[in-house]
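Summary of the model geometry
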Amino acid sequence: MTTLRFYTIRLLTLALMLVFGADLALSQEQTAARTGSIYGILTDNSAPIRYANVQVFAVGSEKIAKGAITDSTGKFTMDKLAFGQYVLKIRRLGYKEFKQNITLSAAAPMLDLRTISLQADTKILNGVEVTATKEVVKKTAQGFIMNADATLSQQGGTATDVLRNMPAVAVDADGGVTIRGKAPMILINGRNSALTNLESIPAASIESIEVINSPGAQYDADSEGGIINIKLKKSDLDNLNVALALGGGYGAHGRFNGSALVNYKTDTWNIGLGFDSRYAGRQRFVNGDRVNLNLPLEYYLTQRRSDERIDQAHNLRFTADFTPDASNSFAVELLGSLSGQDNDETLINTLQTATRDLSAKYSRRSLEIARDWVAEAAFTYTHTFPTKGQRLSLGLSTALNFDRENTDITNRNLDASNNAVGSPFLQRTYNYVNFAVSTLKADYTHPLGDGMTLETGYKGIIRSVGTDFQSFNQVSNAYVVQPLQSNTFNFFEQIHSVYAQYAMTLGEQSASHWKFTAGLRGEYGTNAGNTPDGKVSFTNVYPNLFPSATAVFYAAAGEFWKVNYGRRINRPTQLNPFTDITDSLNQSSGNPRLQPEFIDAVELGYSREWEALSLTASAYYRYAVNTIRGFTRLRSDGVAISRPENIGTATTYGAEAILTAYPTKFWTLNGSFSLFQQTFDAGNIQAGAGNSLLTWYAKAVSTCGLWEDASFQVLGNYYAPTAAPQGYRVQQFNIDVAVQQKILEGKGRIRLVATDVFNTLNSGLVIAGEGFTLSRIGKVDTRAVLLTFAYTFGATFKEKVLENGFSND
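In what follows, the accompanying structure is described. (Residues numbered from 1 in each chain as written. Predicted model: local features only at pLDDT ≥ 70, side-chain atom pairs only at ≥ 80, totals over all residues. Heavy atoms only, no water.)

Notes on the overall build of the protein
This is how it is decided: Strands are runs of DSSP state E lasting at least two residues, helices are runs of H or I lasting at least four, and both sets are numbered from the N terminus onward. Note on exposure labels: buried denotes an accessible area under 20% of the residue type's maximum, exposed denotes more than 50%, and partly exposed covers the range between, all computed with a 1.4 Å probe on protein chains only. Contacts: residue pairs with any heavy atoms within 4.5 Å of one another. The method behind every accessible area is Shrake-Rupley, applied with a 1.4 Å probe, and residues are considered shielded solely by the protein chains displayed.
Counting its regular elements, the protein contains four helices and 43 strands. Counting across all 809 residues of the protein, residues that qualify as buried make up 49%. Sequence separation of at least 24 residues holds for 66% of the intrachain contacts in the protein that already meet a minimum separation of 6. Counting every atom, the protein has about 35600 Å² of accessible surface; 59% of that belongs to carbon and sulfur.

Looking at the packing of aromatic side chains
Under the convention used in this document: Only Phe, Tyr and Trp rings take part, Trp by its six-membered ring, and two of them pair if their centres are within 6.5 Å. Stacked means planes under 30 degrees apart, edge-to-face means over 60, and tilted covers everything else.
According to the stated counting rule, one finds 18 aromatic pairs in the structure shown. Ring centres of F322 and F330 lie 6.2 Å apart, and the angle between their planes is 25 degrees; this geometry places the pair in the stacked category. Assessed through its relative accessible area of 29%, F330 is described here as partly exposed. Relative to W696, the ring of F673 lies with its centre 5.8 Å away and its plane at 35 degrees, an arrangement referred to as tilted. Taken together, the residues span a long stretch of sequence, with F673 in strand β34 (residues 667–681) and W696 in strand β35 (residues 690–705) at a distance of 23 residues. Since its relative accessible area comes to 33%, W696 is described here as partly exposed.

Quick word on the pattern of salt bridges
Put simply, the test is: When a carboxyl oxygen of Asp or Glu lies within 4 Å of a side-chain nitrogen of Lys or Arg, that pair is called a salt bridge.
Within the structure shown, the criterion is met by 24 salt bridges. Note that D220 is salt-bridged to R521, the shortest N-O span being 3.5 Å. Placement of D220 in the loop between β13 (206–212) and β14 (227–232) and of R521 in strand β26 (residues 513–530) is noted, with a sequence separation of 301 residues between them. Between D637 and R635 there is a salt bridge whose closest N-O contact spans 2.8 Å. Assessed through its relative accessible area of 37%, R635 is described here as partly exposed. Overlapping salt bridges bring together D220, K459, R521, E523 and R571 as one network.

Remarks on the nonpolar core
Our working definition: Working definition of a nonpolar core: buried Ala, Val, Leu, Ile, Met, Phe, Trp, Tyr and Cys residues. They are joined through side-chain atoms within 4.5 Å.
Counting residues in hydrophobic clusters, the biggest one holds 25 residues, and the most contacted among them are L163, M166, V169, I201, I209, I228 and I230. Excluding its chain neighbours within four sequence positions, the residues that come into contact with I201 are T158, A159, I188, L195, I206, L232 and N315. Core analysis: the second largest hydrophobic core is formed by 20 residues, I38, I49, L113 and I116 among them.

Observations concerning the sheet that holds strand β2 (residues 53–58)
Heads up, the condition is: Only strands that DSSP links by at least two bridges are regarded as paired with each other. To obtain an axis, a line is fitted to C-alpha atoms, over the contacting stretch when the element is a helix, and the angle between two such axes runs from 0 to 180 degrees between their N-to-C directions.
Taken in spatial order, the four strands of this open sheet run β3-β2-β5-β6, and their pairing is antiparallel. Each end of this open sheet is capped by a strand with a single partner; those strands are β3 (64–69) and β6 (98–104). With direction set aside, neighbouring strand axes in the sheet form an average angle of 20 degrees. As judged from the seven bridges shared by strand β5 (residues 84–91) and β6, these two strands associate in the antiparallel manner. Residue pairing in the sheet places G84 in a bridge with L104 of β6.

Focus on the side chain of R282
Basically, it comes down to this: What qualifies as a polar contact is a pair of N or O atoms within 3.5 Å, subject to a donor-acceptor requirement within protein and to the restriction that residues adjacent in sequence count only when both atoms come from side chains.
With respect to the element layout, R282 can be found in strand β17 (residues 269–292). For R282, a relative accessible area of 9% translates into the label buried. Within the local environment of R282, its side chain forms a polar contact with the side chain of D781, the two groups lying 2.9 Å apart. Ignoring anything within four residues of it in the chain, the contact list for R282 reads H253, R255, D307, E308, R309, D311, V780, D781 and T782.

Structural notes on the environment of T582
Among the structural elements, T582 can be located in the loop between β29 (579–580) and β30 (586–589). Classification of T582 by relative accessible area gives partly exposed; the value is 38%. With 216 residues separating them in the primary sequence, T582 and S366 have C-alpha atoms 9.1 Å apart.

Some thoughts on the side chain of S674
When you line up the elements, S674 lands in strand β34. Taking the relative accessible area as the measure of exposure, S674 reaches 1% and is therefore buried. Aside from chain neighbours lying at most four places away, what touches S674 is Y620, A655, E656, T695, W696 and Y697.

Some remarks on the pairing of strand β33 (residues 640–664)
On any regular strand, side chains alternate: one points to one face of the sheet, the next to the other face. Strand direction decides the pairing type here: β30 and β33, joined by three bridges, are parallel. Counterpart to N586 in the pairing with β33 is A640. Where strand β32 (residues 613–634) and β33 come together, 21 bridges link them in antiparallel fashion. Each residue of the ladder has a partner; that of R622, found in β33, is T652. Inspection of the sheet shows β33 paired to β34 by 14 bridges, in the antiparallel sense. Bridged to G654 within β34 is F676.

Quick word on the pairing of strand β25 (residues 487–506)
As paired strands, strand β23 (residues 452–475) and β25 are joined by 18 bridges and run antiparallel to one another. Bridging across to β25, M452 finds its partner in M504.

Listed below in structure tokens is the structure:
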């Protein structure tokens with residue numbers, strides 16, 4: 001019945017598209033011959049003006065007939081305008097408004113406005129008005145884009161910190177990222193990357209982050225939780241430009257970060273070199289409490305863990321863009337990264353009987369040195385054909401990741417007063433992982449006629465992972481390998497995808513019009529894993545089709561409705577069967593028998609822009625089969641084993657809203673709210689197992705001007721408990737504040753940031769299973785004070801005023 005229900009939804013969606021298409025196609029044919037186009041270039045007499053709002057109004061009307069935003073070269077184009085008389089208005093922060101009367105007719109259907117020069121608004125440039133900081137969120141039909149620099153309180157942090165303050169994105173204290181209760185696919189500059197540790201990407205290196213809630217056929221099917229695309233900074237200003245930043249602070253220990261970006265651009269070349277570095281002393285505490293209901297002699301397990309560590313991350317990035325003419329462009333990006341942790345961890349285990357008598361007590365101290373090297377290269381070629389809208393893009397990337405972790409472990413028995421008893425037991429482990437991923441991508445867009453386009457493409461992904469874990473016990477002053485506790489595992493995967501996506505716009509020449517998109521993606525995936533001893537060997541083949549469809553109704557300028565359907569997949573990644581016994585009483589492993597999880601999702605959305613307010617709201621429903629989630633069982637010897645399982649089904653439905661308000665010229669408010677019900681049926685694992693929970697989370701960002709070139713920002717986050725198959729994840733909340741002052745004629749900035757002011761941000765899990773209950777609550781030193789100084793030169797002051805713009809890429 002479930003399968004029938006969702007195929008019925010797909011058929012109804014496609015039927016609605018056909019009905020509306022047939023109804024409006026005739027209107028489009030009748031009016032296509034009575035429309036024209038307007039195009040031009042904006043400058044300030046010295047450089048192009050990017051991201052200006054260009055709008056056309058019918059004479060005597062306040063309703064926008066057509067709108068556009070200038071690109072990075074100052075160009076704008078507006079097509080399919082009905083013949084008639086209009087008023088052209090151009091607005092851009094830092095410039096006076098431009099107005100011009102224009103006429104489109106059969107005698108002059110193509111109106112070239114040539115170069116339009118805007119006059120600077122000296123009041124704004126001289127700082128007479130105190131204004132709020134840059135725009136934070138830009139809405140799109142597929143999701144939204146957030147300007148990373150606009151989150152003042154996260155500067156000096158990492159990509160995880162920026163994501164923590166993004167609308168509709170949940171990040172726990174351990175850095176786990178989810179959207180609507182699912183982990184998203186994370187891309188770097190639009191591609192699959194080996195730079196998977198978000199803690200190694202400084203916030204200062206991020207230009208923007210895009211969230212795609214309803215990906216179309218052109219995106220990987222393995223994006224059931226949506227897509228997060230992190231775009232790294234790259235200047236597109238002419239000539240030589242340099243940006244420097246240096247910061248330091250203190251949480252439980254000292255922290256330091258620095259970055260430098262050098263860029264040189266000519267008419268045909270754009271070359272950039274960037275470096276960033278980050279050190280942070282961190283602290284972490286975890287309290288674990290387990291009750292073993294059927295083990296009277298080991299009834300209570302109390303675990304207390306404390307970590308002292310030093311995190312470091314260093315990234316070097318080179319970019320080169322070559323544009324020999326208007327039709328061809330080439331881009332190369334090289335990235336090198338080194339990150340690591342020096343961790344001193346102490347875990348104390350206490351076992352007690354049902355009457356609270358001491359059964360055993362011992363400690364485990366681990367000194368861990370971890371280093372992670374990443375090397376990545378990407379090449380992109382883009383060709384624009386003479387026919388408008390016809391485009392070919394080719395991309396090739398490859399990345400290598402070498403992860404090395406060495407640990408020395410000291411085990412001691414303790415008495416009730418924590419005094420050592422007997423001689424210590426020494427162990428040593430190493431965990432070496434080699435990861436490689438290569439991607440080949442081709443996309444082609446072909447206009448089929450007025451308002452219709454066809455997109456097609458191919459993407460191939462090849463991954464390989466080699467894991468070598470060895471465990472040694474000290475015997476007679478020598479370390480001897482333990483074969484039963486050691487593991488070598490090799491994994492290989494390749495995914496080949498082709499897609500076609502048809503888009504049709506009906507009635508675009510009018511203020512209200514429709515846009516329909518229907519796509520189909522076919523993917524053929526295979527993977528194989530094995531251990532050298534032959535005990536584990538498997539091969540899986542996954543051929544699948546993934547349909548998607550979207551209908552958008554643009555009711556007026558700045559207002560649209562949309563409905564979307566998509567089918568996605570969650571391919572299993574935790575296939576290594578090796579059991580991690582770092583915590584001997586709470587062990588974990590992978591599962592080579594995992595099967596893919598399939599998800600059907602439907603979304604209804606609405607977005608509207610007012611003069612001082614914007615709203616984006618959506619309601620969604622998602623149903624998954626073969627759901628992959630962690631599941632914990634308790635063995636008869638008191639050891640809990642956790643591993644991923646195909647637990648059964650998962651149902652999620654809810655609503656979310658993103659609101660931006662401008663109460664005054666110097667005050668901006670951004671907020672988001674999400675409410676959803678999540679239900680897990682874990683009947684595949686255990687009869688009657690599962691859980692259902694209504695949860696919600698809210699975020700608010702308030703940014704206001706204090707005095708000339710000064711801004712103050714407050715951010716607040718709250719996450720209610722969220723469902724897990726055997727329990728729930730605990731609530732989280734925090735408040736961050738920041739102050740920024742521009743100096744040196746706007747080329748310098750000083751930021752003072754305080755994160756988690758009330759030290760409330762923690763994470764944890766509370767679950768219950770057959771024969772046990774478990775609570776594990778962790779706290780990281782999230783409260784910290786950071787001071788950052790940034791300086792730019794080579795770019796004009798006017799460009800810094802215009803920093804609230806978004807790229808059209």
